[in-house]
Amino acid sequence: MNVHLASSSTLEKVPAALRSWLATPRPMLINGKWVQARSGKVFEVQDPATEMHLATVAEGDAADIDDAVRAARNALENGPWGRMSPSARGRLVHRIGDLILEHLDELAQLESLDNGKPFSVARVADVPLSADMFHYMSGWSTKLEGKHIPISGLAAPGQYLSFTRLEPVGVVGQIIPWNFPLLMAAWKLAPALATGCTVVLKVAEETPLSALRLGELLMEAGLPDGVVNIVPGFGETAGAALAAHPGVDKIAFTGSTEVGRLIVQAASRDLRKVSLELGGKSPNIILDDADIDAAIAGATAGIFFNHGQCCNAGSRLYVQEKIFDKVVSGIAANAGNIKLGVGMDPATEMGPLVSQVQYGRVTGYLKAGQEEGARALTGGTRHGERGFFVKPTVLVDTKPDMKVVREEIFGPVLVATPFKDADDGLIAAANDSIYGLAAGVWTRDIAKANQIANRLKAGTVWVNCYHVFDSALPFGGYKQSGWGREMGQAVLSNYLEAKAITSRIA
Ligand code: NAI
Ligand code: MG
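Residues numbered from 1 in each chain as written. Chains lettered and ligands numbered in written order. Predicted model: local features only at pLDDT ≥ 70, side-chain atom pairs only at ≥ 80, totals over all residues. Heavy atoms only, no water.

(A) Highlighting the domain arrangement of the chain. As assigned here, the chain comprises domain 1 (61-278 + 483-499) and domain 2 (283-470). In this assembly, 21 residues from domain 1 lie in contact with 22 residues from domain 2. Carbon and sulfur atoms make up 66% of the area that domain 1 and domain 2 hide from each other, which totals about 1700 Å². Summed over the three residues of domain 1 that lose the most area to domain 2, namely Pro118, Trp178 and Phe180, the buried surface amounts to 26% of that side. At the boundary of domain 1 with domain 2, the tally comes to zero salt bridges. Of all the elements in the fold, those that place two or more residues in the side of domain 1 that touches domain 2 are α5 (104-115) and α6 (119-124). Ranked by residues supplied to the side of domain 1 that touches domain 2, first place goes to α5 with four residues. Per-class residue counts for the side of domain 1 that touches domain 2 are nine nonpolar, eight polar and four charged. (Domains from an automatic or database assignment. Contact = heavy atoms within 4.5 Å. Buried area = accessible area lost by both parts, 1.4 Å probe. Salt bridge = Lys/Arg side-chain N within 4 Å of Asp/Glu carboxyl O. Helix = DSSP H or I, 4+ residues; strand = E, 2+ residues; numbered from the N terminus. Nonpolar A, V, L, I, M, F, W, Y, C, P; charged D, E, K, R; others polar.)

(B) Looking closely at helix α12 (residues 292-304). An ideal rise of 1.5 Å per residue puts 18 Å on 13 residues; α12 measures up with 18 Å between its terminal C-alpha atoms. For α12, the set of buried residues is Ile292, Ala295, Ile296, Gly298, Ala299, Thr300, Gly302, Ile303 and Phe304. In this fold, the buried residues of α12 make contact with β11 (283-286), β12 (316-320), α13 (321-337), β14 (393-396), β15 (413-419) and β17 (438-442). Near the N-terminus of α12, the side chain that reaches the backbone nitrogen of Asp293, with its oxygen 3.3 Å away, is that of Asp291. (Expected span 1.5 Å × (residues − 1). Buried < 20%, exposed > 50% of the residue type's maximum accessible area, 1.4 Å probe, protein only. Polar contact = N/O pair within 3.5 Å; in protein donor to acceptor, adjacent residues only side chain to side chain.)

(C) Seen up close, the packing of helix α4 (residues 86-102) against helix α9 (residues 209-221). Packing of α4 against α9 leaves a shortest axis separation of 9 Å and a crossing angle of 130°. Regarding the angle of α4 to α9, the classification is oblique. When you trace α4 past α9, the crossing you get is right-handed. Contacts between α4 and α9 involve Leu92, Arg95, Ile96, Leu99 and Ile100 from the former and Leu214, Leu217, Leu218, Glu220 and Ala221 from the latter. (Axes fitted to C-alpha atoms, helices over the stretch in contact; angles between N-to-C directions. Parallel < 35°, antiparallel > 145°, perpendicular 65-115°, else oblique. Left-handed = near helix turned anticlockwise from the far one by under 90°.)

(D) Structural view of the pairing of β11. Across the two faces of β11 the burial is the same, with Pro283 and Ile285 and Asn284 and Ile286 all buried. Where the polypeptide runs from β11 across α12 and back to β12, its parallel neighbour, the crossover connection is right-handed. Two strands pair when backbone bridges link them, and β11 and β17 are joined in this way by three bridges, in the parallel orientation. If you follow Ile286 over to β17, its bridge partner there is Trp442. (Right-handed = clockwise from strand over helix to strand, strands pointing away. Pairing = 2+ DSSP bridges.)

(E) Structural context of the environment of Val327. Within the secondary structure, Val327 sits in helix α13. For Val327 and Ala295, which are 32 residues apart along the polypeptide, the C-alpha to C-alpha distance reads 8.0 Å. With residues near it in sequence (within four places) discarded, Val327 still touches Ile286, Ile292, Ile296, Leu317 and Val319.

(F) Fine view of the nonpolar core. Core analysis: the largest hydrophobic core is formed by 110 residues, its most contacted members being Leu22, Ile286 and Leu317. It is helix α8 (residues 181-194) that provides the largest number of residues to this core, a total of 11 residues. Counting contributing residues per domain, this core is built from domain 1 (61-278 + 483-499) and domain 2 (283-470), each supplying no fewer than three. If we skip the residues at most four places from it in the chain, Ile286 touches Ala295, Ala299, Leu317, Tyr318, Val319, Gln320, Ile323, Val327, Phe419 and Trp442. Listed in part, the 26 residues of the second largest apolar core include Ala58, Ile65, Ile175 and Leu242. (Core = buried A, V, L, I, M, F, W, Y, C linked by side-chain atoms within 4.5 Å.)

(G) Seen up close, the environment of Pro181. Inspection of the secondary structure puts Pro181 in helix α8. Each C-alpha atom of the pair Pro181 and Ile65 lies 20 Å from the other, and the pair is 116 residues apart in sequence. Residue contacts for Pro181: discarding those within four places in its chain leaves Glu111, Asn115, Ile176, Thr207 and Ser210.

(H) Just the sheet that holds strand β18 (residues 460-463), in detail. Spatially, seven strands are ordered β13-β14-β15-β12-β11-β17-β18 in an open sheet, and the strand pairing comes out mixed. Looking at strand neighbours, the two that pair on one side only are β13 (375-378) and β18, the edges of this open sheet. Strand-to-strand, the axes of this sheet are offset by a mean angle of 25°, without reference to chain direction. With five bridges connecting them, β12 and β15 associate as parallel partners. Directly across from Leu317, in β15, lies its bridge partner Ala416. Packing against the sheet, helix α16 (residues 424-431) makes contact with β11, β12 and β15, and its axis sits at approximately 170° to β12.

In structure tokens form, the structure reads like this:
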């Protein structure tokens, strides 16, 4: 539990070139040019481990969003992008993935400094997964096939030729959060580019840096000017302006359910297309015939990976009575052994929460939970004197109506509840949430696992594993966890319009 406090000691661990990149005020990318905000405003980015200044970034608002949307429209309709062959477009998207891997360490360092997550994790997870998203999506560019559809032609069958053509939806506004800054940019940009759209990307104010560096790599890859525009700025200004901009054909949003609702309202005036990837409060269910050691390890990672700042975190644990004490004490022991520290320290296993605001939210839930009668088996408080560190926490003695059981905490806090039998009551408890993003089931009985999986209202169910993501697998939510799916073939429909063309041939 060794926390380094000085930002200088953190920055010492990154190469001089990156230090000097960070020391230069970072502009935004509009129409292929790196520009300052029209207002001239900038905002500060903080290192959440030390609470010290990390970088200064141009602060976009409605005027810059307007410039960016115009650039994206022009690139879509008048630039080389719209005339590029699917094969050339695919190769370009693939090249972006290559460039990400060529800058693996640098991007992982930026991610660690900006978000607080361990460099060692960003290097094996965030950055390679981001590259893979571009590599995977690049293959779709040449496979966006419509269908020949035989129609009955009313009284004249055989007199018509009908087929569908899949066309890019157009100019896409994308708004992303801070928990996986580079990966969220990749999840959004890669399918939009593969399908031939143009983009205005509004990055999170907490973590704009890796996406801005990615913007430089996009230009290096040879993306035509204006195809991707990246505007850092605040949600209420830049984000709201993008969601309401009449020049945008489609909005793709990842973030809170609360802001998801605002996005839908803003898009409703012109009935713009919307896809949403929102919050979760995912149940992780352990039956008494499970491989208990694997389940304890999986449930530990299920909640504490990325400091619990995952929309799909396995934050509600349901354990069969007979093994409840053994499982929760195993998870609590693991939690107590997690090394908290600065992300750039190789010994660190868990960093700080992303910001003062998130720290306030999470510690507010810890207080509310304990006031309502939940008991912390481990954790329950902040860690250290400085930085937004919260100890990994396991809460027991919970009741279904407690705030900590019902609401998304988005921090390293697990709520654990015992159950007697794997019956309707268990399914009802697991589904008793406004959310439906993910779920886990642990049992050696594969039939039982699949029966439960079929009945869970969740977009992803993991059996005897957790957090297994793949570019090829669709991800998204039931209920208030969102609209539509990210990744896999499924995401393509977010960015395509199907046009039915019918010719009379008789
Ligand atoms: P947020 O939803 O406010 O922020 C996400 C993105 O939306 C950011 O880019 C932000 O600038 C933008 N935004 C905020 N207000 C906006 C508006 N009025 N119009 C357009 N864009 C807007 O999330 P925040 O405040 O960072 O976190 C709050 C809670 O949301 C977290 O505690 C967590 O529960 C949840 N969350 C869920 C995420 C997910 O992956 N599904 C990611 C981040 C947060
Ligand atoms: Mg917010």
